[in-house]
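Coordinate inspection notes
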Amino acid sequence: MLLLAWLLCIICICKGVRSTGKAVYVTATFPYVMLTILLIRGLTLEGAWKGIVFYLYPDFTKVFDTQVWIDAGTQIFFSYCTALGTMVALGSYNKYHNNFFKQCILISTLNSSTSVYSGFAIFSVLGFMAHQQGVEVSEVAESGPGLVFIAYPKAVTQMPFSTVWAILFFVMILLLGLASQFVCVEGFVTAVVDIFPDYLRRGNRRFWFMIATSAVSFLLGLSMVTRGGIYVFQIFDYYSASGLVLLWIAFFEAFAIGWVYGADRFVNHMQHMIGYEISSWMKLCWKYLTPVLMLVIISGFLINYKPLKYNNTYEYPLWGHAIGWSLALVSMAIIPAYIVYAFLTTEGSLKERIRYLTTPQLELRPEAIAEQSNGHLELTIIK
């Protein structure tokens, strides 16, 4: 199944962003149909209201649990592809005056609305499951992969015509997984090709690089589909692919935009591209709100750190946590390490190095160069 998923991914993105865009029309829209069918069926089940009430009724004690904030940040970052570089890479294909700001607002609204909508479909079925077993919904509800591959399928088996609902559910999960694969692989390949254009844009080298990326990802995934694969997956998911790592990257991204590149300069360039002014709220987020919020959550996570447990029962050994933190530090340490490397290899006095390293080095797109030559574009770059 894993091999089939990666073969489908290669077929759908082999021609670059053009083929990926066409494939996403199916992988992004069809799950809505499946979700609606499952929601209608779930609401007709006995006990569904118990799951809906559990879903909508807030537990305010969780506000002070830092792990909840970490999980929330992970969900938002993954669903929006924030701090992953994917949106930046794929956004480079847009036209210069594309209204990306409007698109970002639209995507954010649709994304969060979809999360709320899917919650009704999930918890209506969990309410039915809790009713069948005579227990509270909290006892059958799980988070992470346990919800998708254990709790929900178990509830589906208790429905009439369970085979039909199981097929619909896993077809939806397959398409959602493929859509994530398309975007992540295409975003990574695009970014690397942009870094090494002279080498990877010749002949079919981009295609073979995409094949190599998919092959390495497939080999890494093999360790997660064995009988003990869920334990390996949890280590990767908890330490290296989400949570602390994404918050760490998001902090440096916001800091770089707000304070190094300059929020005012960034807003000016955005306004020139989209043709109208944007709210000053965005500058406040880049400069203050986002960096401070990221630091508070990261600090809270480290102060109240809880070792990883699988299914809230199995405690990982010390060497398992060591592997997890090593995976996390690979992504986290590269940012400060490169800052130190760039500072040490740059010539000049201390002041000259800082000034040079914090000065934006822009390579203008042809459209911007043409408008700059006509006097319609002013880029305030420190020389």
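Whatever comes next refers back to the structure up there.
Per chain, residues are indexed from 1 in the order of the written sequence. Only residues with pLDDT of 70 or above have their local features reported here, since the model is predicted, and side-chain atom pairs are shown and tallied only from 80 upward, although totals for entire chains, interfaces and linings are computed over all residues. For side-chain calculations, the full set of non-hydrogen atoms in the structure is used, while hydrogens and water are omitted.

This part takes up the environment of Q103. Starting at the N terminus, helices and strands are each numbered in turn, a helix being any DSSP run of H or I of at least four residues and a strand any DSSP run of E of at least two. Along the chain, Q103 falls in helix 6 (residues 100-133). A contact between two residues is defined here by any heavy atoms of the two lying within 4.5 Å. Ignoring any residue separated from it by four or fewer positions in sequence, one finds Q103 in contact with N94 and N98.

Moving on to the packing of helix 1 (residues 2-13) against helix 11 (residues 205-222). The relative placement of two packed helices is expressed as an angle between their axes plus a distance between the axes. Simply put, an axis is a line fit to the C-alpha atoms, just over the touching stretch for a helix, and the angle between two N-to-C directions goes from 0 to 180 degrees. Packing of helix 1 against helix 11 brings their axes to within 10 Å, and their N-to-C directions diverge by 160°. On the basis of the axis angle, helix 1 is roughly antiparallel to helix 11. When the axes of helix 1 and helix 11 are compared, the crossing they make is right-handed. Residue-level contacts link L2, L3, W6, I10 and I13 of helix 1 to M210, I211, S214, S217, F218, G221 and L222 of helix 11. An angle below 35 degrees is read as roughly parallel, one above 145 as roughly antiparallel, one from 65 to 115 as roughly perpendicular, and any other as oblique. Note on convention: the crossing is left-handed when the near helix lies turned anticlockwise from the far helix by less than a right angle, right-handed when the turn is clockwise.

In this model, helix 12 (residues 229-240) (12 residues) spans 16 Å end to end at C-alpha, consistent with the 16 Å of a helix rising 1.5 Å per residue. G229, Q234, I235, Y238, Y239 and S240 are the residues of helix 12 that are buried. The length a helix should cover is 1.5 Å for every residue beyond the first. Only protein chains enter the calculation, and the probe is 1.4 Å; a residue is then buried if its accessible area is under 20% of its type maximum, exposed if over 50%, and partly exposed in between.

The aromatic pairing rule takes the rings of Phe, Tyr and Trp, using the six-membered ring of Trp, and pairs them if the centres are within 6.5 Å, calling planes under 30 degrees apart stacked, those over 60 edge-to-face and the rest tilted. On inspection of all chains with the given rule, the structure shows 19 aromatic pairs. Where Y55 meets F120, the ring centres are 5.2 Å apart and the plane angle is 80°; that geometry is what we call edge-to-face. Here F120 lies in helix 6 and Y55 lies in helix 3 (residues 48-56), a separation of 65 residues in the sequence. Taking the centre distance of 4.9 Å and the plane angle of 85° together, the rings of Y238 and Y239 count as edge-to-face. Judged by its relative accessible area of 18%, Y238 falls in the buried class. The ring of W259 carries the charged tip of K287 above its face, separated from the ring centre by 4.6 Å. Charge over a ring is defined by NZ of Lys or CZ of Arg lying within 6 Å of the ring centre and within 35 degrees of the ring normal.

Within this document, salt bridges are pairs made up of a side-chain nitrogen of Lys or Arg and a carboxyl oxygen of Asp or Glu, the two lying within 4 Å of each other. Enumeration according to the criterion identifies four salt bridges in this entry. Note that E186 is salt-bridged to R206, the shortest N-O span being 2.6 Å. Remark: R206 occurs in helix 11 and E186 occurs in helix 9 (residues 162-195); sequence separation between them is 20 residues. Take E186: its relative accessible area is 2%, and that puts it in the buried class. The residue D264 makes a salt bridge to K283 at a minimum N-O spacing of 3.0 Å. Residue D264 is found in helix 13 (residues 244-274), and its partner K283 is found in helix 14 (residues 281-303); the two are separated by 19 residues along the sequence. Taking the relative accessible area as the measure of exposure, K283 reaches 24% and is therefore partly exposed.

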